[in-house]
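# Structure at a glance
What follows is each chain in one-letter form.
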Amino acid sequence: MDYLENAEEAAFRMGVRAWLAENAPKDWRARYPTEDDLARLHREWQRTLYDGGYVGLSWPVDYGGRGLSATYEAILNDELGKADTPRISFHNYLGRAIFTYGTEAQKQRFLPPMLRGEIQWCQGFSEPGAGSDLASLRTSAVLDGDHYVVNGQKMWTSGAQHADWCILLVRTDRDAPKHKGITCLLAPVNQPGITVRPIHISDGSPETCEMFFDDVRVPVTQRIGDPGAGWRIAMTVLAFERGPADVGLIATFQTALAKLETYAEERAIDRDPQIRQAIARTYVIGEVLRLNVVEQLSLRNAGRPPGPDGSVARLLLTQAEQALRSLEFRLRAADAVSGRAPDVLANYLRSRTISIFGGTSEIQKNILAGQVLGLPR
Amino acid sequence: MRAVPTPDQEMLRETMARFAATLAVNSPAELAKIDRDAAWRDLAGLGVLGMRARDGGVPAASAYEVTLAIEPLAGALAPLPLTGALLAYELLALAGADAALLADLAEGRRRIGLLLAPDLAGLADADAPGAVIFDGEGADSVLALAPGNGGAQPVILAVEGAAAMEGADLTRPLAVWRPGAGAKLVGAPLAADAFARWAAFAVALACADLVGVLRDGLAHAVDYAKTRIQYDVPIGSFQAVQHMCADMLVRIEGAASATRYAAWAVDALPAADALAAAHVAKSWCAPAGEAAGEMLMQVYGGIGQTWEHVAHLRARRVMLDRLLFGDETHHLNAIADNRDAVRKAA
């Protein structure tokens, strides 16, 4: 049992920190004010990071990665969070589908450009009628020669307005049991028959998208895995959604909490016992999350792939972020409600999505009850 | 960074789990059936009582390994004064007590409990009114701090005339200490860092006990939910019951993560950082223990409210662990003070 970084890891951290001091974009929120600007910035930033050798740390060398352990991803994300850099694509976990289930040709075609930031992905899983019950999805793909013809609608395809490719779950067999008739396809977003529309969430921002598919032709060569293997692929990929990236969120979380303390001090409410306890309690949730994630990463490095107990970290993350934003809102409620602090209101409203997106808290608890505790259906 | 137990540490846990199974308490009536003296001899034989014996200043086992040893015993609800014995040993070793005394403790020939302040948040001064003896079963004396000494100077007090208290925890009885003659300074006063490290160790052990009690409790409650039939189906198939169990799991796994780190930190980090890790662990464990203790009793329904059932034994043991070496208010305040100090220094 050892939580300390070894000499190589510590040296890597120092290297990242020095490199970021030189290369991280300065003052980027002011310089890239619109959403389109930000999308451009994310792409540029990922390329800069890639050229610096900092993208795909835990990906195999053969596909443009560095072949290091997940610990290095965590260190990088921690430093990115502390340096308050722009984010990079949070969708690279989707590449796990191609890496685990794709052909050699597919891996060569998609993985290196993904790491270089030239291919941005979006995730076409959920549908209007298939949210928590993902396996009931109805978007259809019918084989026509060497193409699939796709028709239907996808929801919550975050980043689709700026994405190049979409990883799609489609129904290819209506007669099979619902988990067995699903297939995984890769489709370019910008092609005839695909319409992307923004979905504005409760703070008014176009946080995510819906996509419409109208006779969209997808070559069979862009199928990942066998027909009917889509459900298994989706479950593998979703398990990778969490992990090292969470470490970056924790760094951001601690920065936001420190800002809140400074605010409390400036307003001379920092001696209020209730506020002191609430801030300390929020800090504790963040620390417990961090320690749980560190252990999960260590298990992954020891050769255990991510499993259903990842839902523990997911629920802790939800609790931490919502506790932070609720506390921020509580301390600045009058400013938020009267329009003097729109960011506080937006942060609060956005934090409410965390217990929904990527699997609701109720679904996470179902996973823990069924797959970890073994309670009956 | 490799925050997973080594194979040796896994083996230690398994050994202790097998031993703990022989001491399992499944109802208040079973408490009387445990041969506590034999169990103590076994603990000595397994080397548990001397886990913190120093060889060239280095403890034989890490604090993390000590938590691996005590967790299964807590899970079994073993009625043994082990936490107090290990902490007394640690304090005496840090104070440089003589080898003969330490050997007597490690080999189980003699037991020394702890004298705690009335709020159970820390060691008592030897003259503190209303001080409470913790884990004093079978002990001829308790460890306290010499009053007005300025530093942490351990002192050994005879326990003659102590009166048992009707405490919440039926597995680890407390007693009121009656001041008497025979206070004896032992070793040298501890440096502030050494005492902070001891305090961090104390918190880590209280948290580990709480985690052990709850983890086994959850396993048993889940087993019950799989077999208890109502409306012709196992109650564990109801989402309300499932989510209650999942809630417990998240609280307990969070507690376990924080406790493992705090225990590891006792030996591996600077004293201030070790204490900070302990503050985090107890701030999470204390309320998690309260909530999970209540939920454990809830899963069993009516039967879980009865005296004969084991559920309240677990809830009761957690009540003591929650207060032992400070509850969440105590530790959250310490965190707030630390963060103030760091901010003002920046």
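Residues numbered from 1 in each chain as written. Chains lettered and ligands numbered in written order. Predicted model: local features only at pLDDT ≥ 70, side-chain atom pairs only at ≥ 80, totals over all residues. Heavy atoms only, no water.

Quick note on the threshold: UniProt positions are given in the numbering used here, feature names are shortened, and annotations may be inferred rather than shown by experiment.
An unreviewed UniProt entry annotates chain B as Acyl-CoA dehydrogenase originating from Sphingomonas colocasiae. The UniProt entry for chain B carries the following comment under Sequence similarities (unreviewed entry): "Belongs to the acyl-CoA dehydrogenase family." Turning to chain B, the UniProt record has this under Cofactor (unreviewed entry): "FAD".

Under an unreviewed UniProt entry, chain A has the name Acyl-CoA dehydrogenase family protein and belongs to Sphingomonas colocasiae. Regarding chain A, the UniProt comment filed under Cofactor (unreviewed entry) reads as follows: "FAD". UniProt, in the comment section headed Sequence similarities (unreviewed entry), describes chain A in these words: "Belongs to the acyl-CoA dehydrogenase family."

## Structural notes on the domain arrangement of chain A
In many reports, interface size means the accessible area that the parts give up when they come together. Residues and elements named next belong to chain A. Here is the rule: The split into domains, and so the bounds of each, comes from an automatic or database assignment of domains. Contacts are assigned to residue pairs with any non-hydrogen atoms lying within 4.5 Å of each other. When two parts are put together, the accessible area they lose, computed with a 1.4 Å probe and summed over both, is reported as buried area. Salt bridges are counted wherever a side-chain nitrogen of Lys or Arg sits within 4 Å of a carboxyl oxygen of Asp or Glu. In protein, a polar contact means a hydrogen-donor-capable atom and an acceptor-capable atom, both N or O and within 3.5 Å, with residues adjacent in sequence counting only if both atoms are side-chain atoms; elsewhere, any N or O pair within 3.5 Å suffices.
Domain boundaries assigned for chain A yield domain 1 (7-88), domain 2 (121-227) and domain 3 (242-372). One C-alpha centre belongs to domain 1, the other to domain 3; they are set 22 Å apart. Taken together, the contact pairs 9 residues of domain 1 with 9 residues of domain 3. Of the roughly 670 Å² buried where domain 1 meets domain 3, counting both sides, 64% is carbon and sulfur surface. Looking only at domain 1, the three residues that lose the most surface to domain 3 are Ala 70, Ala 74 and Asn 77, adding up to 52% of its buried area. One can count 0 salt bridges joining domain 1 with domain 3. Between the two partners, domain 1 and domain 3, sit 2 residue pairs in polar contact (both at pLDDT 80 or more).

## With respect to the pattern of salt bridges
Side-chain pairs of opposite charge can arise where the charged atoms are in close proximity. Heads up, the rule is: A run of H or I in DSSP becomes a helix once it reaches four residues, and a run of E becomes a strand once it reaches two; helices and strands are each numbered from the N terminus. Think of it in three bands: residues with accessible area under 20% of the maximum for their type are buried, residues over 50% are exposed, and the middle band is partly exposed, with areas taken using a 1.4 Å probe on protein chains only.
Under the criterion given, the structure shown has 49 salt bridges over all chains. Of the charged contacts, one joins Asp78(A) and Lys82(A) as a salt bridge, the two residues approaching to 3.0 Å between their closest N and O atoms. Of the two residues, Asp78(A) and Lys82(A) both sit in helix α4 (residues 70-82), 4 residues apart, roughly one turn of that helix. Under the relative-accessibility criterion, Asp78(A) is labelled buried at 11%. The class for Lys82(A) is partly exposed, based on a relative accessible area of 49%. Across the salt bridge formed by Asp309(A) and Arg304(A), the nearest N and O atoms sit 3.2 Å from each other. Classification of Arg304(A) by relative accessible area gives partly exposed; the value is 33%. Among the charged side chains, a network of salt bridges with common partners joins Glu261(A), Glu265(A), Arg271(A), Arg276(A), Asp337(B), Arg339(B), Asp340(B) and Arg343(B).

## Here's the deal with the environment of Ala313(A)
Residue and element names in this part refer to chain A. Along the polypeptide, Ala 313 turns up in helix α10 (residues 310-331). The spatial distance from the C-alpha of Ala 313 to the C-alpha of Leu 291 is 9.5 Å, given a sequence separation of 22 residues. In contact with Ala 313, not counting residues within four places along its chain, are Leu 289, Asn 292 and Val 293.

## Focus: the packing of helix α5 (residues 82-95) of chain B against helix α6 (residues 99-106) of chain B
Residues and elements named next belong to chain B. Inclusion rule: What counts as an axis is a line fitted to C-alpha atoms, over the stretch in contact for a helix, and the angles between N-to-C directions run from 0 to 180 degrees. Every angle not falling under 35 degrees, over 145, or within 65 to 115 is termed oblique; those three ranges are roughly parallel, roughly antiparallel and roughly perpendicular. Helix crossings fall into two classes, left-handed where the near helix is turned counterclockwise from the far one by less than a right angle and right-handed where it is turned clockwise. Under the convention adopted here, Pro, Cys and the residues Ala, Val, Leu, Ile, Met, Phe, Trp and Tyr are nonpolar, Asp, Glu, Lys and Arg are charged, and Gly plus all remaining residues are polar.
Taken N-terminus to C-terminus, the directions of α5 and α6 make an angle of 165°; their axes are 10 Å apart at the nearest point. In terms of orientation, α5 and α6 fall into the roughly antiparallel class. The crossing of α5 and α6 is left-handed. Of the residues in α6, those in contact with Tyr 89, Leu 92 and Ala 93 of α5 are Leu 101, Leu 102, Leu 105 and Ala 106. Broken down by class, the residue content of the contact of α5 with α6 amounts to 7 nonpolar, no polar and no charged.

## Here's the deal with unusual backbone geometry
Positive phi, close to 50°, is recorded for Asp84(A), a residue that is not glycine. The partly exposed category is assigned to Asp84(A), whose relative accessible area is 35%. The residue Asp232(B) is not glycine, and still its phi comes out positive at about 70°. Note that Asp232(B) resides in the loop between β10 (229-230) and β11 (233-234).

## What about helix α3 (residues 36-46) of chain B?
Residue and element names in this part refer to chain B. Those residues of α3 not exposed but buried are Ala 38, Ala 39, Trp 40, Leu 43 and Ala 44. Those residues of α3 that are buried are in contact with α1 (7-21), α4 (63-75), α5 and α6. Sitting at the amino-terminal end of α3 is Asp 35, which places a side-chain oxygen 3.4 Å from the backbone nitrogen of Asp 37. Just past α3, the residue Gly 47 takes up positive phi, approximately 85°.

## Quick word on helix α1 (residues 7-23) of chain A
Residue and element names in this part refer to chain A. Where we set the bar: An expected span of 1.5 Å times one less than the residue number is assigned to each helix.
In a regular helix each residue adds 1.5 Å, so 17 residues correspond to 24 Å; α1 covers 24 Å between its end C-alpha atoms and thus fits that length. Those residues of α1 hidden inside the fold are in contact with α3 (35-51) and α4. Where α1 begins, the capping side chain belongs to Asn 6, and its oxygen is found 3.1 Å from the backbone nitrogen of Glu 8.

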